[in-house]
Structures are given as structure tokens and as C-alpha cells.
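Below, each chain spelled out in residue letters.
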Amino acid sequence: MSLYWETEHRGFRLGFTSAETGNLSLNLGEAGSAQDHRNRLAEYLGHTELKFLSQVHSADVLDASGVPVTESPTADAWISPDGSHPLAIMVADCLPVLFYAETAQHSPLTAAAHAGRPGLLAGVLENTVEQLREYGGESITAWIGPAACGDCYEVPEDMHAELTADRPALASTTSWGTPALNLRAEARAVLETAGADVVDISGCTIEDPTLFSHRASQQQGRPEGRLAGVIAPAAQ
Ligand SMILES: [Zn+2]
């Protein structure tokens, strides 16, 4: 298996999957296949299990250390206050954002967030940075993975006018000249304002057929599926 992009950072492996890993949503595809893909991804990362959230486009951030192993809790971001919990987040056009921070004593903290239009505008990224700081996280780095780009993410004109009025970074135009939103640029602006160092992995889910895209599955008939952003302690 190879991921769309991955790196090692201070004893952690983090990255973003492509369609090659397979669909990771239990609500899509053949029964059992997503669980097999999840298991294979966990194994690839050197872990026995990889847990996912039930995502609802909220701005809620959950502490992964309090979650029973059998549960898939509802939230759109989660944090591992000591970095020990492998964290995964699912997307297909929304932004996957992975976080790493350290305390003043150099203990690691990790987080993963799902930032689509509603969650991004409701503050899921600011909330994640705030939670990292509450747990003592300093020098925060945020990796933004592949998502629908500003050239492709078309929205109705009235939505564009309403949302971009006080968020200039969000304003964009599709490559065919219609109103669009640049979620990546807005996420970058939000994270930088919150004091995080941003690493932009780039990549457009709608344009790149090696990724999964909800819009492209609806409009171009590409296979429906969900990608993941993952951050986990590197196996010893
Ligand atoms: Zn694009």
C-alpha cells in the first residue's frame, strides 16, 4: 500500500489515503469491504486498530482518550492529548486537517479534523487549535490534505455573496467562470490567524481520479468513497 502523501514527523506517521486504499466509510460500498480497508490501513501504519468518528459537519472536538474502543462517537475533530491514540478522519471534497503540537516539556499531542464548508465556517479548526492549547500544546503544525479546490468548488451566487462578504480568502471563481469557494485558502487563513504553522499538501479531489470526490461521484459517475487523513505513533 502507498498513500496519496505521507511523512514521518517526530516519531509519528501522518498522511492522506488515495482511492488505492479503498473506500473507508462503512456506509458506502459492499458490506464489510470498508472494514477490510480500515484494517489494512491500520496494519500498514503498524497498529491493530484505527478508529473513526461519526462525522456530522459540526465544530465539535472530542478527546479520544475518553472513547471506549467499541464506539464511533459523533464529532468532527478529535485530539489525543498524549499522542498515543491513532486518529483518522474521513473526507471526500471536504478538507482533512492533521495537527501535531508539543507541550513545554516536549510531550506530543495530535489531532485530526474534518473541515467541510459548514464545519470550517462554524469554527472546527479554531476549536481544534484551542483544545490543543488547553492541553498545553505549543508550536502547533497543521497539515491540510487533498480536497475540492477553489477552481472546482462551485456554489450558488447568493451563497457566495453571503459567505465571502467578511471572509475574503474564501472567494473564488471556477475555471469555467462561475462563483466558487476556496475552502483551502480560508482554512489556511484561519489556521495562521490561530497561530499554527500550515503545511499545505494540496491536491484536488474533483480533478484527480486517484482520489475520492463526492461531487465527482454525483456529477461524473466516479466511484463513491471516502479518503482518510491519519496520524498515529510510528510503530516501535
Ligand atoms: Zn479542482
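Each remark here, short or long, concerns the structure printed above.
Residues numbered from 1 in each chain as written. Predicted model: local features only at pLDDT ≥ 70, side-chain atom pairs only at ≥ 80, totals over all residues. Heavy atoms only, no water.

**Q** Before we go on, may I ask you to explain the coordination of the zinc ion in this structure?
**A** For a metal with four tetrahedral donors the ideal donor-metal-donor angle is 109.5 degrees, whereas six octahedral donors ideally subtend 90 or 180 degrees. Every protein donor of the zinc ion is accounted for by Cys149 (SG), Cys152 (SG), Cys204 (SG) and Glu207 (OE), and the metal-donor separations fall at 2.0 to 2.3 Å. One can describe the site at the zinc ion as tetrahedral: its four donor atoms subtend angles covering 99 to 116° at the metal. Site description for the zinc ion: donor spacing in sequence, C-x2-C-x51-C-x2-E. Of the two residues, Cys152 is situated in the loop between β8 (138-144) and α4 (157-164) and Cys204 in the loop between β11 (197-200) and α6 (214-219); the sequence distance between them amounts to 52 residues. (Donors = N, O, S within 2.8 Å, 3.2 Å for Na, K, Ca; no water. Tetrahedral: all angles 85-135°; square planar, octahedral: opposite > 155°, others 65-115°. Helix = DSSP H or I, 4+ residues; strand = E, 2+ residues; numbered from the N terminus.)

**Q** Is there a simple way to think about the packing of helix α3 (residues 124-134) against helix α5 (residues 183-193) in this case?
**A** The description of two packed helices rests on the angle between their axes and on the distance between the axes. Where α3 meets α5, the closest approach of the two axes is 9 Å, and the angle between their N-to-C directions is 30°. It follows from the interaxial angle that α3 and α5 lie roughly parallel. Here the hand of the crossing between α3 and α5 comes out right-handed. From α3, Leu125, Glu126 and Val129 reach across to α5, where they touch Ala187, Val190 and Leu191. (Axes fitted to C-alpha atoms, helices over the stretch in contact; angles between N-to-C directions. Parallel < 35°, antiparallel > 145°, perpendicular 65-115°, else oblique. Left-handed = near helix turned anticlockwise from the far one by under 90°. Contact = heavy atoms within 4.5 Å.)

**Q** Is there a simple way to explain the environment of Gly123 in this structure?
**A** Checked against the element boundaries, Gly123 lands in the loop between α2 (117-122) and α3. Overall, Gly123 belongs to the buried group, its relative accessible area being 6%. On a C-alpha basis, the gap between Gly123 and Asp158 in space is 22 Å, while along the polypeptide they are 35 residues apart. (Buried < 20%, exposed > 50% of the residue type's maximum accessible area, 1.4 Å probe, protein only.)

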